[in-house]
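Observations on chain architecture
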Amino acid sequence: MIHIFNPDTDYALASNMENYTPPVSVLAIKRSLALLPALFADKGDAILMPPDTPETLIAETPFVNLVSDKDMQIILPKDLPIYIIQHPGERIRPWGWNKTLRKWLRGLDTPNLLLPTEEELNTLRSLSHRRLTIPFLLNMGDMRNEEISIPKEFTSLEEAMEFWMEHADVYFKAPWSSSGRGILFTKDLEKRHIEPWLRGIIRAQGSVMGEIAYARKLDFATEWECRDGRAMFVGVSTFVTSERGKYKSNVVLPQENIVAYVLQNIKVYDNGNNLSDIIERQRLLLENYVAPFYEGPLGIDMLVTKDGNVNPCVEINLRNTMGRVAVDIQHRIMSEEASETEVKFLTRLTRGGIFSPMHLLSTLRDIESN
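Keep in mind that what you see is a predicted model, and the values were worked out from it rather than measured.

1. Some words on the pattern of salt bridges
Oppositely charged side chains can pair when the atoms bearing their charge come close. For the structure on display, the rule yields 24 salt bridges. R332 is paired through a salt bridge with D42; the nearest N and O atoms lie 3.3 Å apart. A residue pair is termed long-range when its members are at least 10 positions apart, and R332 in helix α13 (residues 322-334) and D42 in the loop between α2 (24-32) and β2 (46-48) qualify at 290 residues. Take R332: its relative accessible area is 4%, and that puts it in the buried class. Note on D42: relative accessible area 42%, which makes it partly exposed. With a closest N to O distance of 3.4 Å, K99 and E118 form a salt bridge.

So this is what it looks like as structure tokens:
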């Protein structure tokens with residue numbers, strides 16, 4: 001398996017261009033965490049580095065010891081054609097697919113067999129639009145508590161502003177964005193702050209999503225893998241966000257601990273709050289709306305309101321997620337295939353049961369210095 005960490009994938013999907021250039025801040029994350037897949041990849045896998053990666057940077061990264069321990073290969077872009085020839089049958093696993101990534105890989109003489117088609121990417125982009133939450137919630141039926149409302153999509157500034165004036169505290173979301181970016185929480189904001197933001201999103205992406213804000217006490221997600229038209233449940237993740245929806249960190253613990261913690265926060269006997277039933281309904285909906293057209297990882301973000309009710313679909317991410325990374329790290333820690341060195345490394349990295357990409361490099365350096 002050839003892994004690629006491209007956290008700019010949602011931005012590239014939004015642009016729908018083959019030559020998209022992400023913001024400088026995102027490029028910095030992409031370069032500094034290029035070896036992030038080493039945390040969850042299998043022994044013998046490979047990681048393709050971003051363009052213009054200095055070989056000195058690879059030698060200096062704190063991930064190198066883990067890469068060596070797992071017998072992984074780091075591939076510079078110029079060496080990808082040779083690697084593919086030497087490893088027939090390898091598959092490419094990016095953080096997420098988009099047209100920019102496909103064009104770059106084609107420029108490296110990657111066989112079309114290893115890349116999605118133009119039609120598949122157009123379908124992926126359509127499915128990645130945040131409006132997919134609407135049919136998901138509508139078809140939850142009795143799996144949706146009456147407290148949970150259906151999001152709305154607005155193509156006009158006037159309608160969006162009316163929604164805000166009616167409900168006051170709302171989340172406006174760009175159709176394509178990630179990790180809490182592209183989200184505007186209107187609490188404590190005035191019209192002069194909200195209107196320009198909405199106008200810009202509608203002009204750039206064609207519409208904006210509006211959701212009533214819930215006082216929430218827990219953010220969590222279900223992690224899935226789609227393959228051959230089926231949706232396979234991988235696990236539950238819990239994560240921390242800021243009040244305005246920016247992602248901060250994930251919890252890394254055994255699944256039974258995470259599920260128990262989630263259930264402690266839910267009024268489990270109220271309508272629409274049976275977690276097992278919700279997960280089964282999610283599986284059926286994924287196999288109807290998503291799995292026939294998409295292969296790879298995805299996560300369904302959820303929340304528990306202050307009243308203990310579950311919102312079973314806040315958004316759907318058709319790509320890898322930090323929640324999936326957290327689940328996979330725990331799996332590696334418990335795996336019989338993991339070496340003692342790998343287990344020790346991952347355990348120290350997630351000391352206290354917290355995985356924070358924002359503090360990952362400083363944590364890795366602390367591990368090395370000790």
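2. Comments concerning the environment of L127
Relative to the helices and strands, L127 resides in helix α7 (residues 118-128). On the accessibility criterion, L127 (12% relative accessible area) is buried. Not counting residues up to four positions away in its chain, the partners in contact with L127 are L132, Y289, V290, F293 and L318.

3. Examining the packing of helix α9 (residues 157-167) against helix α10 (residues 191-205)
Packing of α9 against α10 brings their axes to within 10 Å, and their N-to-C directions diverge by 140°. Classed by the angle they form, the pair α9 and α10 counts as oblique. The interaxial crossing formed by α9 with α10 has right-handed handedness. Within the contact between the two elements, α9 uses L157, A160, M161 and W164 and α10 uses K191, I194, E195, L198, R199 and I202. In the contact of α9 with α10, the residues fall into seven nonpolar, no polar and three charged.

4. Some remarks on the pairing of strand β12 (residues 296-305)
Burial analysis of β12 places 10 of its 10 residues in the buried class, which makes it a mostly covered element. When β12 meets strand β13 (residues 310-317), the two strands line up antiparallel, connected through five bridges. Considered in β13, the bridge of I300 is made with I316. Counted along the chain from β12 to the antiparallel partner β13, the turn is four residues long, and its residue G308 has a positive phi close to 85°.

5. Here's the deal with the nonpolar core
Counting 48 residues, the largest nonpolar core has L105, F220, L298 and I300 as its most contacted members. Looking at this core element by element, the count peaks at five residues for helix α12 (residues 275-289). Ranked by size, the runner-up nonpolar core spans 30 residues in total, among them A38, W95, A326 and F355.

6. Focus on the sheet that holds strand β8 (residues 208-212)
Sheet strands line up and pair through hydrogen bonds in the backbone, either parallel or antiparallel. If you walk across this open sheet you meet the four strands as β5-β8-β6-β7, and the pairing is antiparallel. The sheet is open, and its two borders are formed by β5 (152-154) and β7 (183-185), each paired with just one other strand. Averaged over all neighbouring strand pairs, the angle between strand axes comes to 25°, with direction disregarded. Note: strand β6 (residues 170-173) against β7, three bridges, orientation antiparallel. Note that in β7 the partner of K173 across the bridge is I183. Taken strand by strand, α9 contacts β5, β6 and β8, and its axis lies near 160° from that of β6.

7. Quick word on the side chain of T238
Turning to its location among the elements, T238 is positioned in strand β10 (residues 230-241). If sequence neighbours within four positions are ignored, T238 has contacts with D219, F220, S249, N250, V251, I258, Y261 and V262.

8. Concerning a nonpolar patch on the surface
On the surface, L263, V268 and Y269 cluster together to form a nonpolar patch covering roughly 340 Å² of accessible area. Position of Y269 among the secondary structure elements: in the loop between α11 (255-264) and α12. Overall, the relative accessible area of 81% leaves Y269 in the exposed class.

9. Brief notes about the packing of aromatic side chains
Geometrically, a pair of aromatic rings is defined through the distance of the ring centres and the angle of the planes. Summed over the entire model, instances satisfying the criterion amount to six aromatic pairs. Here the aromatic rings of F136 and Y289 are separated by 5.9 Å at their centres, their planes lie at 40°, and the arrangement is tilted. Here F136 is found in helix α8 (residues 133-138), whereas its partner Y289 is found in helix α12, with 153 residues between them in sequence. Accessibility expressed as a relative area gives 0% for F136, which makes it buried. Residue classification places Y289 among the partly exposed positions, given a relative accessible area of 24%. Three or more aromatic residues joined by ring pairs make a cluster, and in this case those are F154, F163 and F172. It is R125 that lies over the ring of W176; its NZ or CZ is 3.9 Å from the centre.

Rules behind the numbers
- Within each chain, residue numbers correspond to sequence positions counted from 1 in written order.
- Where local features are concerned, this predicted model is filtered to residues with pLDDT of at least 70; where side-chain atom pairs are given and counted, the filter is 80 or more; whole-chain, interface and lining totals use all residues.
- Only heavy atoms go into the side-chain values, all of them from the structure, while hydrogens and water stay out.
- The salt bridge definition used is simple: a Lys or Arg side-chain nitrogen within 4 Å of an Asp or Glu carboxyl oxygen.
- A helix here means a DSSP run of H or I that spans at least four residues, while a strand means a run of E at least two residues long, and both kinds are numbered starting from the N terminus.
- To sort residues, take the accessible area from a 1.4 Å probe on protein chains only and compare it with the maximum for the residue type: under 20% means buried, over 50% means exposed, and anything in between is partly exposed.
- Working rule for contacts: check all heavy atoms of both residues, and any pair within 4.5 Å makes them a contact.
- A fitted line through C-alpha atoms represents every axis, and for helices the fit uses only the stretch in contact; the resulting angles, taken between N-to-C directions, go from 0 to 180 degrees.
- Roughly parallel means an angle under 35 degrees; roughly antiparallel means over 145; roughly perpendicular covers 65 to 115; every other angle is labelled oblique.
- Note on convention: near helix rotated counterclockwise from far helix by under a right angle means a left-handed crossing. Clockwise means right-handed.
- When residues are sorted by character, Ala, Val, Leu, Ile, Met, Phe, Trp, Tyr, Cys and Pro go into the nonpolar class, Asp, Glu, Lys and Arg into the charged class, and all the rest, Gly among them, into the polar class.
- Should DSSP find at least two bridges between two strands, the strands are regarded as paired.
- Remark: nonpolar core denotes a set of buried residues (Ala, Val, Leu, Ile, Met, Phe, Trp, Tyr, Cys) joined through side-chain atoms within 4.5 Å.
- Any residue with relative accessible area above 30% and no salt bridge may belong to a patch, with like charges joined within 9 Å and the nonpolar Val, Leu, Ile, Met, Phe, Trp and Tyr side chains within 5 Å.
- Residue-level accessible areas treat just the shown protein chains as cover; the underlying method is Shrake-Rupley with a 1.4 Å probe.
- Centres within 6.5 Å make a pair out of two Phe, Tyr or Trp rings, where for Trp the six-membered ring is used; the pair is then stacked when the planes are under 30 degrees apart, edge-to-face when over 60, and tilted otherwise.
- Whether a charge sits over a ring depends on NZ of Lys or CZ of Arg being within 6 Å of the ring centre and within 35 degrees of the ring normal.

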